[in-house]
Amino acid sequence: MQQKKLVVNLRRCLPYLAAPLLLSSVAAQAQQATAPIQRVEITGSHIRRAEAESSNPIQVLSRADIEKSGKTTVAELLQTLAVDNQGSVPTSFGNGFASGASGISLRGLGAASTLVLLNGRRMAPYGLADDGQKVFSDLNVIPAEAVERVEVLKGGASALYGSDAIAGVVNIILRKEIKGTTVRASQGLSQERDGGDTRLALTTGFGDLDSDRYNVLFNAEFGLKREVWNRDRGDRGAIGKSDLRDFGFSAQESLGGTGAIVDNNLAGSSIVGNVRNPTTLDYYSRSNLAGVGFTRTFPGADCSKLTSHPQGDPLGGCLTDAAQEYGQIQPRQKTANLFTRATVNLSQDWQAYFEGNAYRSESIASGTPSGISGSVGYPGGPVSNAAVALGAAHPDNPYFGTAARLRYLAADVGPRVSNVDSNFYRALIGVKGTAAGWDIDTAYLYSATKVSNERSGYLQRDVTFALLNPTAANVAAAMGNARYAALPAGSFWRIGENAGLNSRELYAALSPNISNDAATSISQIDFKASREIAKWEAGSVGLAFGAEYRRAETRLAPTEGTDKGNIIGLGYSAYDGKRNESAVYAEMAIPLHKTLEAQTAIRWDHFSDVGNSYTPKLGLKWNPTGNFALRANAERGFRAPSAAENGKGGLAAFSTATDPVRCALGVASACNPASVAIITSPNPALSPERSKSYSVGILWDPMPRTSLALDLWQIKRTNEINQEQTDAAIAAGHVARDPSTATNIPGDPGAITAVLANYVNSASTIVRGVDLDARKSFALGDGNGTLTIDAKWTHLIKMEREEKDGSKRDFAGTHGNCDATNCMGTPDNRVNLGVTWERDALRMSLNMTYRDKLDNINFKDDPDGCASHFANGEPAPAGCKISSFTTFDLVGRYRLSDRAELFGSINNLFDKKAPLDPLTYGAQSYNPLDYSGALGRYFNIGMRYKF
């Protein structure tokens, strides 16, 4: 309780504490005015200048900052930043559309609206789009040991970098010159002795650019992160559990366990099978020896013989917790990363360079076994599997002699497993130098990715129907499957207690391995030049201009069988698109006064499929004194549709939704969110998204070793490319239903099997917030070293989406917007606070990460109220709020000598548990943002040695 109060008080007081704590870098700069200032090109400008001169709000993470974070990968570091609002893609989301990758989402506008650069240039996006729609760059391809710094431009940047930069830019700067050899090794392990994370890195370089006129560096990294199972965190509250009866939910809800009989004509998938009475439409467990109308009973189907899971379904279902038994907190992933750079001085003024990257990832993610009744969709429409039944002659049918509907969890087939292999390549060759006073840089870039996803444990629809209910029609439909045709005539898929009677050949026909492949590539040639073109009394006028030509290709083949809706429970996703892009841009830095500078830019882009776009920018910085400055920026931006949105293909996926029609009729189960298929078609007539970005801020360094930056920002994105809102489509009747699932309630139209939607330019979103970036250092005196306090706070004022019909929804502080945030929610506040003590060879850091509480509603003032309810009907969790989450990480480093250093960390130092989140689909019963609270206390130790 004391810890919680401390965090809340800190959050409330942070704006007031920051000013006296964190205000001195400008004064320090004034004291160092006589020292030469190195002029570099920084993100947000192509004009070379001192870093402190920028008008753009930029967060810079140096190598020291990265080391003090204790994170082993760039992806892990970036996804803990306060500026990374919701919509990022965590590597732990092993069963998502983009399994095996990791992406960042600035300002909560989705990973597709954040541009990731490597040394200032693009790289090929990951082959699998997030949610089947959002194309993004995989952060896992970044070699952590080769990173020099990371620059996060916290505002739109389309005027300089083009499409995808609506929400901002993350520019990872790799090291350009190394001499000597460094070896780094580390090992991580949770306090439960699982989740091992092995990291090995070798970095070497030779040649001196000044004396030898060349330098070559080489970096090789290897990583192996081992899986962590939900079942191994059974003592951490709700984490990893789908059976939440102990937390106040009931078996008659989606969070009451797997296999429950919920209502008339509604039952979950059971390991022994729930079978429907053909007359009353009531479901009974096959283990029930007194099932109404049974013509056979099955004593061997006794639930207690097949599971030790606590029972308690009042309607007699056999309960298990499939998510806990089969699901994972983190998948297994093995990675290898190679990076090389060669630089040659051609003359005093010109330099040639080459960069090469190669990355391979192999990940294995496990999920629950398949049910046999999951409806799916494909471009031809919805496919309802609700009618799957045990045939009249099936030996495991309690209604032997009459076909009866079945709800069965195929535990005998095993979990559904995805093996994702990803390969990334990048090659860059260029020259840069000086001619006639111009700094020139031109290069050719080629980058590509290839991803293959092989899945097991998924059921073939035609074979499933034929083996359970071998009617003439079902058998005829399955005979096209060679493996089924080779089975003995009259074969049945035996279920539950009799599954041991099935042959290997039957399972091979029922659930073969299926796969698909994806590939992306970009080829680019660019040219840019900059120089000072005039010297005015107020200062120098800088000019930069450039041009780019790029060809981009993206292709995702559908998983075998999903193109005809034949894989139960697996949606269709495919796209194919090509485009040529060309652009010219110019930028000027104009000193209007000795204290006032303007930065202007304009860019023209042409896309072969969506036409032209102009994006201007204006930035101002007023620096009246050496330790105080005001800055402001205004910019237009755009994002062209991805191949998944306007190419060839389509998407059939799953989401959760309530059914207001059936709920109003009194079907209680329809009032709670349930899984529905969403079938979305691409739209070649889509227009680019547009944006207007604004920011105003202050930079104040009132005393030595102190700095403060406070920025108010807003991004308005219009013409948004979205799937139609699920609830709006349902309200409009754009659904497919299965009348055979109707209850005995008059007028019941049956359950929704699919929501029919398109990608459309449908809405606009305003995101508004405040960023605080503050730092204070103290010299402790008497040889006691230095103490540095570093605080970063992002407060979200508004995230309001307006639909075409004028309706508005504000998601700030709620669990929405699921379209952009992967149902992680949109907290009002995120805070990073770090305290570092350095003395001689020792450095210790204590880092705090804070996520604000969330209202468990889909948007503010949602008329449907709380998104989840306890068994007694009260809002869930308590007060309809997802609790806030705070963790502390302790990170240390000790230099044993000039060559060797020892380092280590304890993440989630106080072993804080992630709070219950019943709505998200990115993790089981906890929010993916709170991953460290699911994993538990985690240790890492390593050593770096320089030769």
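Helix and strand counts for the chain stand at 16 helices and 42 strands. Relative to the compact-globule value of 30 Å for 947 residues, the chain shows a C-alpha radius of gyration of 29 Å, a close match. Reported as C-alpha extents along the three principal axes, the dimensions of the chain are approximately 100 × 60 × 55 Å. Counting every position in the chain, which comprises 947 residues, the buried fraction comes to 57%. Contacts in the chain between residues far apart in sequence, at least 24 positions, make up 71% of those at least 6 positions apart. For the chain, the accessible surface area stands at approximately 35,900 Å², while carbon and sulfur atoms represent 56% of it. Within the chain, the 96 negative side-chain charges are centred at a point lying 3 Å from the centre of the 97 positive side-chain charges.

In spatial order, the strands read S12-S11-S19-S18; together these four strands make up an open sheet with antiparallel pairing. Either end of the sheet is taken by a strand with one partner, and the two such strands are strand S12 (283-285) and strand S18 (389-390). Bridge count between strand S11 (residues 274-276) and strand S19 (residues 404-407): two bridges; the pairing is antiparallel. Pairing of Val275 across the sheet is with Leu406, part of S19.

With that settled, consider the confidence of the model for the chain. In this model, the chain carries a mean pLDDT of 88, and residues with pLDDT of at least 70 account for 93%. Note that pLDDT drops below 50 for residues 1-39; the model gives that stretch 74 contacts with residues more than four away or on any other chain.

Attention now moves to the state of the cysteines. Counted under the stated rule, the structure contains three disulfides. Disulfide pairing is shown between Cys303 and Cys318; the S-S distance is 1.9 Å. Residues Cys303 and Cys318 are joined by a disulfide whose S-S torsion is about 70°; by sign, that bridge is right-handed. Of the two residues, Cys303 is situated in helix H6 (residues 303-306) and Cys318 in the loop between H6 and helix H7 (322-326); the sequence distance between them amounts to 15 residues. In this model, Cys663 is linked to Cys671 through a disulfide, with the two sulfur atoms separated by 2.0 Å. As the torsion about the S-S bond is roughly 100°, the Cys663-Cys671 disulfide counts as right-handed.

Reading across the sheet, the four strands line up as S1-S3-S4-S2 and stay open at both edges, with mixed pairing between neighbours. Taken across any chain shown, the strands that pair with only one partner, and hence form the sheet edges, are strand S1 (58-62) and strand S2 (114-118). If you compare each strand with its neighbour and ignore which way they point, the axes differ by 15° on average.

With that settled, consider the side chain of Thr794. Take Thr794: it is sitting in strand S34 (residues 786-803). Here the side chain of Thr794 touches Asp771 through a polar contact of 2.9 Å, side chain to side chain.

For the rest of this paragraph, the subject is the side chain of Ser186. Secondary-structure assignment places Ser186 in strand S5 (residues 180-190). Not counting residues within four places of it along the chain, the set of residues in contact with Ser186 comprises Asp197, Thr198, Arg199, Phe903, Asn940, Ile941 and Gly942.

The biggest cluster of nonpolar side chains holds 37 residues, and the ones touching the most others in it are Leu78, Ile142, Val147, Val150, Val170, Ile172 and Leu174. For this core, the secondary-structure elements that each account for two or more residues are helix H4 (74-78), S2, strand S3 (147-153), strand S4 (168-174), strand S31 (706-723) and S34. Among the elements that make up this core, the one with the highest residue count is H4 (four residues). Other than its neighbours up to four places away in sequence, Leu78 contacts Leu61, Asp84, Ile104, Leu139, Val150 and Val170. One finds Ile372, Val388, Tyr399 and Tyr484 within the second-largest nonpolar core, a separate group that totals 26 residues.

Attention shifts here to the pattern of salt bridges. One pass over the structure, following the stated rule, counts 50 salt bridges. Here Lys225 ties to Glu76 by a salt bridge, and the two come within 2.6 Å at their closest N and O atoms. Placement of the pair is Lys225 in strand S7 (residues 214-225) and Glu76 in helix H4, with a sequence separation of 149 residues. Overlapping salt bridges bring together Asp65, Lys68, Asp773, Arg775, Asp790 and Lys792 as one network.

Here we take up helix H8 (residues 461-468). Of all the eight residues making up H8, seven are buried; the element is thus mostly covered by neighbouring parts of the structure. All buried positions along H8 are accounted for by Asp462, Val463, Thr464, Phe465, Ala466, Leu467 and Leu468. Tucked into the core, H8 has its buried residues touching S18, S19, helix H9 (472-478), helix H10 (482-485) and helix H11 (504-510).

A contiguous nonpolar surface patch, about 810 Å² in accessible area, is contributed by Val183, Leu202, Tyr894, Leu896, Leu902, Ile941, Met943, Tyr945 and Phe947. Among the elements that make up the nonpolar patch, the one with the highest residue count is strand S42 (residues 938-946) (three residues). As for its placement among the helices and strands, Tyr945 is situated in strand S42.

Bringing the environment of Thr743 into the picture now. Here Thr743 is to be found in the loop between strand S32 (735-738) and strand S33 (751-779). Sequence separation between Thr743 and Gly312 is 431 residues, and the spatial gap between their C-alpha atoms is 23 Å. Filtering out sequence-adjacent residues up to four positions away, Thr743 remains in contact with Asn264, Asn265, Arg662, Val667 and Asp748. One polar contact links the side chain of Thr743 to the main-chain amide nitrogen of Ile745, over a distance of 3.2 Å.

It is worth spelling out the packing of aromatic side chains at this point. Summed over the entire model, instances satisfying the criterion amount to 11 aromatic pairs. Measuring from centroid to centroid gives 6.0 Å for Tyr126 and Phe136, while their planes differ by 45°, and the two rings are tilted. A residue pair is termed long-range when its members are at least 10 positions apart, and Tyr126 in the loop between S2 and S3 and Phe136 in the loop between S2 and S3 qualify at 10 residues. Accessibility expressed as a relative area gives 3% for Phe136, which makes it buried. Taking 5.2 Å as the distance between ring centres and 85° as the angle between the ring planes, the aromatic pair formed by Phe294 and Tyr399 counts as edge-to-face. Pair noted here: Phe294 is in the loop between S12 and H6 and Tyr399 is in the loop between S18 and S19, with a separation of 105 residues, a long-range link. The two residues Phe294 and Tyr399 agree in class, both being buried. Clustering of aromatic rings is evident, with ring pairs tying together Tyr284, Phe294 and Tyr399. Over the face of the ring belonging to Phe298 we find Arg286, whose NZ or CZ atom lies 4.5 Å from the ring centre. In this structure, Lys432 is placed above the aromatic ring of Tyr353, and the distance from its NZ or CZ to the ring centre is 6.0 Å.

Calculation rules
- Residues numbered from 1 in each chain as written.
- Predicted model: local features only at pLDDT ≥ 70, side-chain atom pairs only at ≥ 80, totals over all residues.
- Heavy atoms only, no water.
- Helix = DSSP H or I, 4+ residues; strand = E, 2+ residues; numbered from the N terminus.
- Rg over C-alpha atoms; globule rule 2.2 N^0.38 Å.
- Buried < 20%, exposed > 50% of the residue type's maximum accessible area, 1.4 Å probe, protein only.
- Contact = heavy atoms within 4.5 Å.
- Areas by Shrake-Rupley, 256 points an atom, 1.4 Å probe, with all protein chains shown as cover.
- Lys, Arg positive; Asp, Glu negative; His and termini not counted.
- Charge placed at Lys NZ, Arg CZ, Asp CG, Glu CD.
- Pairing = 2+ DSSP bridges.
- pLDDT = per-residue confidence, 0-100.
- Disulfide = S-S within 2.5 Å.
- Axes fitted to C-alpha atoms, helices over the stretch in contact; angles between N-to-C directions.
- Polar contact = N/O pair within 3.5 Å; in protein donor to acceptor, adjacent residues only side chain to side chain.
- Core = buried A, V, L, I, M, F, W, Y, C linked by side-chain atoms within 4.5 Å.
- Salt bridge = Lys/Arg side-chain N within 4 Å of Asp/Glu carboxyl O.
- Patch = residues over 30% accessible without salt bridge, like charges linked within 9 Å, V, L, I, M, F, W, Y side chains within 5 Å.
- Phe/Tyr/Trp six-rings, centres within 6.5 Å; stacked < 30°, edge-to-face > 60°.
- Lys NZ or Arg CZ within 6 Å of the ring centre and 35° of its normal.

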